[in-house]
Amino acid sequence: MTVPQMTRTGVFPLLLAIQAVCLLAAVVGGSFSGVELNLLGGALWGALFFALIGAPASFVSVVWLTRSNTAVGRTLRRHCTQLKPVFAGLSIGQIAVIAVVTGICEELLFRGFLQVWWSQLSSPLVGLLGASLVFALLHWASRVYVLLTFVFGLILGLAYQASGSLLGVITWHAMYDFLVLVTLVYNPHLLGVDAAGIH
């Protein structure tokens, strides 16, 4: 994966524009399919509780994998090394905005619309697997990254199926993204990356 060098002024609006496309797709798709984008769901407090546990647990798992002395770890460290310059100029506030917007827009699209729609057309299993696969493929960086993103999508999808709460998976996704981006930008050594390159 090659990542072009981007300035802070370039990457921030680009990421917001990508998320605007996700939001538009979710709203248009929901309108044409009749799928209602229900934020709260039935088990809101339980979903938020598990999000507050799930996001840090997901983050710690990814840090552990990235630092591991395995082919997966080396691939993830290479991605981190390539992505660090792209996000390097972002402030904590910009990272927070990106994380929240990404959590909202991507979860509305993948869990709120696609998973529900495909579940209605076929079965909950097809909805879960299909939405998670599209989520993973649209985050393509390598086969390893797609596989890990697919697993993350499955976890979020199962949490959504169990709770019916989009707000829960939005919170989980946004917190996870915030933790990863802050670490990548401000503490890349935690991911096994430093100025000297890949370890």
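Anything mentioned here points back to the structure above.
Computed from a predicted model, the values in this text were never measured in an experiment.

Basis of the calculations
- Note on numbering: residues in each chain are counted from 1, in written sequence order.
- Local features in this predicted model are restricted to residues of pLDDT 70 or higher, and side-chain atom pairs are both shown and tallied only at a pLDDT of 80 or more, whereas totals for entire chains, interfaces and linings draw on every residue.
- Hydrogens and waters are ignored; side-chain quantities use all the structure's heavy atoms.
- In DSSP terms, a helix is any run of H or I states spanning at least four residues, a strand is any run of E spanning at least two, and both are numbered starting from the N terminus.
- Here the radius of gyration uses the C-alpha set of atoms, whereas the globule reference equals 2.2 Å times the residue count to the power 0.38.
- The classification of residues rests on relative accessible area computed with a 1.4 Å probe and restricted to protein chains. Under 20% of the type maximum is buried, over 50% is exposed, and intermediate values are partly exposed.
- Note on definitions: a residue-residue contact is assigned when non-hydrogen atoms from the two residues lie within 4.5 Å.
- In this description, accessible areas are obtained by the Shrake-Rupley approach with a 1.4 Å probe, and a residue is regarded as covered only by the protein chains that are shown.
- When charges are counted, Lys and Arg are positive and Asp and Glu negative, with His and the chain ends excluded.
- Think of each charge as sitting on NZ of Lys, CZ of Arg, CG of Asp or CD of Glu.
- Only residues above 30% relative accessible area that lack a salt bridge enter a patch, with like-charged residues linked at up to 9 Å and the nonpolar side chains Val, Leu, Ile, Met, Phe, Trp and Tyr linked at up to 5 Å.
- The salt bridge definition used is simple: a Lys or Arg side-chain nitrogen within 4 Å of an Asp or Glu carboxyl oxygen.
- To qualify as a nonpolar core, a set must consist of buried Ala, Val, Leu, Ile, Met, Phe, Trp, Tyr and Cys residues joined through side-chain atoms within 4.5 Å.
- What counts as an axis is a line fitted to C-alpha atoms, over the stretch in contact for a helix, and the angles between N-to-C directions run from 0 to 180 degrees.
- Roughly parallel refers to an angle under 35 degrees, roughly antiparallel to one over 145, roughly perpendicular to one between 65 and 115, and oblique to any angle outside these ranges.
- Note on residue classes: Ala, Val, Leu, Ile, Met, Phe, Trp, Tyr, Cys and Pro are nonpolar, Asp, Glu, Lys and Arg are charged, and everything else, Gly too, is polar.

(A) Inspection of the overall build of the protein chain at higher detail. Within the protein chain, the secondary structure is distributed over seven helices and two strands. Listed by position from the N terminus, the elements making up the protein chain come as α-α-α-α-α-α-α-β-β. Computed over the C-alpha atoms, the radius of gyration of the protein chain is 17 Å, within 12% of the 16 Å expected from 2.2 N^0.38 for a compact globule of 199 residues. Dimensions of the protein chain along its principal axes, counting C-alpha atoms only, are 50 × 35 × 30 Å. Expressed as a percentage of its 199 residues, the buried residues of the protein chain come to 43%. In the protein chain, 78% of the contacts between residues at least 6 apart in sequence involve partners at least 24 apart. For the protein chain, the accessible area works out to roughly 10000 Å², and carbon and sulfur atoms hold 74% of it. Counting 8 positive and 5 negative side-chain charges, the protein chain places the averaged centre of each group 16 Å from the other.

(B) Here's a closer look at a nonpolar patch on the surface. Side chains of L24, V28 and F32 sit close together on the surface and give an oily, nonpolar patch of about 350 Å² of accessible area. Residue placement: V28 occurs in helix α1 (residues 8-33).

(C) The arrangement of the pattern of salt bridges in detail. With the rule as written, the count across this model stands at one salt bridge. One salt bridge in this structure joins E107 and R111, with 2.7 Å as the shortest N-O distance. Of the two residues, E107 and R111 both sit in helix α4 (residues 92-121), four residues apart, roughly one turn of that helix. Considered together, E107 and R111 belong to a single accessibility category, that of buried residues.

(D) Looking closely at the nonpolar core. Counting residues in hydrophobic clusters, the biggest one holds 39 residues, and the most contacted among them are F87 and L90. Elements with a minimum of two residues in this core: α1, α2 (44-67), α3 (71-87), α4, α5 (124-137), α6 (143-163) and α7 (166-186).

(E) Region of interest: the packing of α2 against α3. Across the interface, α2 lies against α3 with an axial gap of 6 Å and an inter-helix angle of 105°. The orientation of α2 with respect to α3, classified from their angle, is roughly perpendicular. Residue-level contacts link L65, T66 and R67 of α2 to V72, G73, L76, R77 and C80 of α3. Of the residues that constitute the contact of α2 with α3, the class distribution is four nonpolar, two polar and two charged.

Nothing here speaks to function; it is geometry throughout.
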